[in-house]
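Structural description and commentary
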Amino acid sequence: MAQILSVGVALPARVVANAELEARLGQPPGWVEERTGIRTRRQAADGELAYHLGAAAARQALERGGVSADELDAIVFSTMFCDYVSPGSGALVQRELGGSRPVPAFDVRDQCAGFVYALSLADALVRASRARRVLVVSAERQHENFLAYEPTVPVFGDAGAAVLVGPSEREGRGILAIDIGADGRGAEIAIAGCENVDVFAPENRHHPELARALAEAAVKPPLGPKLYFWSGAEIFRAAVGTMTKSTRAVLARVGAGLADVDWFLFHQANLHINQAVVRRLGLDPARCPSNIERYGNTTSASIPLLLAELEADGRLQPGQLLLLSTFGAGYAWGTAAVRW
Amino acid sequence: MASEVRARILETIRENFPDRPVDRLTDDAPLADTLGLNSMQVVDLVMAFEEGFDILVPDGELGKLTSLRACVSFVEQAVRAAGSSA
């Protein structure tokens, strides 16, 4: 079995409060928090890229795990917006860490589900004895990509987080089960364009609801890489339904009930989504920690960032059962049960 | 059936949003404004209708459920359609 051995985080210094964004958008005070539950988010400085945040978080995870960069066997990097189209940021993190061995380093592109996807790969590498020390690095510098469509402007924050994965050091402790999945029928419901393709042109549209959603949102194509569009109602329904189902499925697989879980770490995308999941599963909100109010949606960094907070303030205790669950663009989702 | 559906819809609202003024809701009052629900919470409520009545509300219909009367009418039709296809 594989286990998360340590966690690291790196946050940009700049804190952006709602007031700044509400003024820019011409919205009244309270507009952002009422819709999202977010009060502040971090924004990376000029030149501070996702791989920089990722490398800083990785160094912290290595230090806390008592492992040197030379002992690493693989690096899996997850992000939504790549720093460069080529190369992937995994190689850049490898360079930043300065390990002396040329280990595999690669990127996973699964948006808000990226961390659990990357964790599942690290888990598989360790279980198959292909690696003993794998770094999962999840980092986002993304705030510029959400400036063109008003509902997305205040939601996203920048952050880096990393976990070190290795063979389980104690019987029964570690990553017990993972469910990852995708449903491409929702691919255009949360989407950004690219330089070469107008993904919103009629010939490129495949989702029957996209035209209606675009019209309702008064968004005018063509939409480029700086316009991230989503249809909030569709995302909400898919997220709540999938996270609820996936949580039940993973717990059934490990023979546990909802009451056996000490901490539910849900992706921090929108406070209302998580409240709906909590209510449907009948969970005690006190077992579902939240930090979206301070960091916004940090996409693939969201769950390890929350994990690091729980560890830092002593809430995480050895032997506790954790349930991590996320859902995002793709649609892609991931849920993991972890015995800490 | 209308009064039964109406009562169950009101009960669903109370269960899901216990702190909202459900008693102020008349048949034609704007649902979201009267209850103080944002767009996400309206979707949340519609999902609760789907679960409670075992029906599916297509994405395109979401924007039409703006009042209690509209909700009752939609749910009645959906339940009837589900019954006739069963």
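Residue positions are counted from 1 within each chain, in the order its sequence is given. The naming scheme follows written order: chains are lettered A onward, ligands numbered 1 onward. Side-chain atom pairs in this predicted model are given and counted only at pLDDT of 80 or more, local residue features only at pLDDT of at least 70, and totals for whole chains, interfaces and linings cover all residues. Excluding hydrogens and water, the side-chain values take into account all heavy atoms of the structure.

Considerations on the environment of Glu150 of chain A
Residue and element names in this part refer to chain A. With respect to the helices, strands and loops of the structure, Glu150 is situated in the loop between strand E6 (134-140) and strand E7 (159-167). Using a 1.4 Å probe on the protein chains alone, a residue whose accessible area is under 20% of its type maximum counts as buried, one over 50% counts as exposed, and one in between counts as partly exposed. The partly exposed category is assigned to Glu150, whose relative accessible area is 32%. Those residues in contact with Glu150 that lie beyond four places of it in its chain are Leu25, Gln27 and Trp31. Working definition: helices are DSSP H or I runs of at least four residues, strands are E runs of at least two. Numbering for both runs from the N terminus. When checking whether two residues touch, look at their non-hydrogen atoms; a contact exists if any pair is within 4.5 Å.

Some remarks on the side chain of Ser6 of chain A
Residues and elements named next belong to chain A. Tracing the sequence through the fold places Ser6 in strand E1 (residues 2-10). Residue classification places Ser6 among the buried positions, given a relative accessible area of 2%. Engagement of the side chain of Ser6 in a polar contact is seen with the backbone oxygen of Ala61, the distance being 2.6 Å. If near-sequence neighbours (up to four positions away) are discounted, Ser6 is found in contact with Ala61, Arg64, Gly65, Ala162, Val163 and Leu164. For the purposes of these results, a polar contact is taken to be a pair of N or O atoms within 3.5 Å, where, inside protein, one atom must be able to donate a hydrogen and its partner to accept one; residues adjacent in sequence count only when each atom of the pair is a side-chain atom.

Overview of the environment of Arg280 of chain A
In this structure, Arg280 of chain A sits in helix H8 (residues 271-281). The buried category is assigned to Arg280 of chain A, whose relative accessible area is 17%. In the structure, Arg280 of chain A is positioned 36 residues away from Thr244 of chain A in sequence and 7.4 Å away in space, judged by C-alpha atoms. Each residue touching Arg280 of chain A, except ones within four places of it in the same chain, is listed here: Val240, Thr244 and Arg248 of chain A together with Asp44, Met47, Ala48 and Glu51 of chain B.

Remarks on helix H7 (residues 232-253) of chain A
Since there are 3.6 residues in each turn of an α-helix, residues three or four apart along the chain are aligned in direction. Each residue after the first adds 1.5 Å to the expected span of a helix. The first and last C-alpha atoms of H7 of chain A sit 31 Å apart over 22 residues, in line with the 32 Å expected at 1.5 Å per residue. At the C-terminal side of H7 of chain A, Gly255 of chain A shows a positive phi close to 70°.

What to know about the interface of chain B and chain A
When the parts come together, some accessible area is lost, and that loss is often what is quoted as the size of the interface. Tallying the contact residues gives 17 residues for chain B and 16 residues for chain A. Buried area, as used here, totals the accessible surface that two parts lose on assembly, with accessibility defined by a 1.4 Å probe and the loss added over both. The junction of chain B with chain A conceals about 1,400 Å² of combined surface from both sides, 52% of it contributed by carbon and sulfur atoms. Ranking the residues of chain B by area buried against chain A places Met40, Met47 and Asp59 of chain B at the top, with a combined share of 43%. Here, a salt bridge means any Lys or Arg side-chain nitrogen found within 4 Å of an Asp or Glu carboxyl oxygen. At the boundary of chain B and chain A, one finds four salt bridges. Across the contact surface, chain B and chain A share eight residue pairs in polar contact (both at pLDDT 80 or more). Examining the composition of the side of chain B that touches chain A, we find that nine residues originate from one element, helix H3 (residues 39-53) of chain B, more than from any other. Think of it as three bins: nonpolar holds Ala, Val, Leu, Ile, Met, Phe, Trp, Tyr, Cys and Pro, charged holds Asp, Glu, Lys and Arg, and polar takes everything else, Gly as well. Partitioning the side of chain B that touches chain A into residue classes produces nine nonpolar, four polar and four charged.

Topic: H3 of chain B
Residues and elements named next belong to chain B. With 15 residues, H3 ought to run about 21 Å at 1.5 Å a step, and its terminal C-alpha atoms sit 21 Å apart, in line with that. Across the 15 residues that make up H3, a large majority, twelve, are buried. Of the positions making up H3, those classed as buried are Met40, Gln41, Val42, Val43, Asp44, Leu45, Val46, Met47, Ala48, Phe49, Glu50 and Phe53. Of the residues flanking the start of H3, the one acting as N-cap is Asn38, its side-chain oxygen 3.1 Å from the backbone nitrogen of Met40.

Some points on the confidence of the model for chain B
All names here are of chain B. Per-residue pLDDT for chain B has a mean of 89; in total, 97% of the residues score no lower than 70. Note: pLDDT gives the predictor's confidence per residue, expressed from 0 to 100. Element-level mean pLDDT values for chain B span from 88 in helix H4 (residues 68-85) up to 94 in helix H2 (residues 31-35). Here the complex is predicted with pTM 0.91, and the ipTM for its interfaces comes to 0.77.

Points about the nonpolar core
Tyr228, Phe236, Phe264, Phe266 and Leu283 of chain A are the most contacted members of the largest nonpolar core, which totals 44 residues. Put simply, the parts of the chain that give this core at least two residues each are strand E10 (228-230), H7, strand E11 (263-266), H8, strand E12 (321-328) and strand E13 (332-339) of chain A together with H3 of chain B. If one sorts the elements of this core by residue count, H7 of chain A sits on top with eight residues. When residues of this core are assigned to domains, at least three map to each of domain 1 (2-167) and domain 2 (174-184 + 232-339) of chain A. For Phe266 of chain A, the residues in contact, after removing those within four places along its chain, are Met243, Thr247, Asn274, Val277, Val278, Leu281, Leu283, Cys288, Ile303, Leu306 and Ser325 of chain A. Take the buried Ala, Val, Leu, Ile, Met, Phe, Trp, Tyr and Cys residues and link them wherever side-chain atoms come within 4.5 Å; each set so joined is a nonpolar core. The source of the domain bounds is an automatic or database domain assignment.

So, the domain arrangement of chain A
All names here are of chain A. Under the domain assignment, chain A is made up of domain 1 (2-167) and domain 2 (174-184 + 232-339). On a C-alpha basis, the centres of domain 1 and domain 2 stand 17 Å from each other. The interface is formed by 43 residues belonging to domain 1 together with 39 residues belonging to domain 2. In this assembly, domain 1 packs against domain 2 so that about 3,100 Å² is buried in total across both faces, 66% of it on carbon and sulfur atoms.

Some thoughts on the sheet that holds strand E4 (residues 74-78) of chain A
All names here are of chain A. Ordered in space as E1-E7-E6-E4-E5, the five strands form an open sheet in which the pairing is mixed. The outermost strands of the open sheet, each flanked by one partner alone, are E1 and strand E5 (105-108). Neighbour-to-neighbour, the strand axes of the sheet open up by a mean angle of 20°, direction not taken into account. Here, a strand pair is defined by DSSP locating no fewer than two bridges between the strands. Inspection of the sheet shows E4 paired to E5 by four bridges, in the parallel sense. When the sheet's bridge partners are listed, Phe77 is paired in E5 with Asp107. Helix H4 (residues 89-97) contacts E4, E5 and E6 of the sheet and is inclined by roughly 125° relative to E4. All axes here are fitted lines through C-alpha atoms, helices being fitted over the stretch that makes contact, and every angle between N-to-C directions spans 0 to 180 degrees.

Details of the layout of surface pockets
What the largest pocket holds in volume is close to 1,200 Å³. Cavities and pockets are found on a 1 Å grid laid over the protein atoms alone: a cavity is a set of points where a 1.4 Å probe fits but cannot escape, a pocket is an open set with protein on both sides within 12 Å along at least five of seven lines, and a lining residue has an atom within 4 Å of such a point. Lining the largest pocket are 49 residues, and of these Ser231, Gly232 and Ala233 of chain A together with Ser39 and Met40 of chain B lie nearest its centre. Of all the secondary structure elements, the ones that give two or more residues to the lining of the largest pocket are helix H2 (31-36), helix H6 (210-217), E10, H7, H8 and E12 of chain A together with H2 and H3 of chain B. The leading source of residues in the lining of the largest pocket is H7 of chain A, at six residues. When grouped by side-chain class, the residues that make up the lining of the largest pocket number 30 nonpolar, twelve polar and seven charged. Grid points are joined across faces, edges and corners, and a volume is the space filled by probe spheres set on the points.

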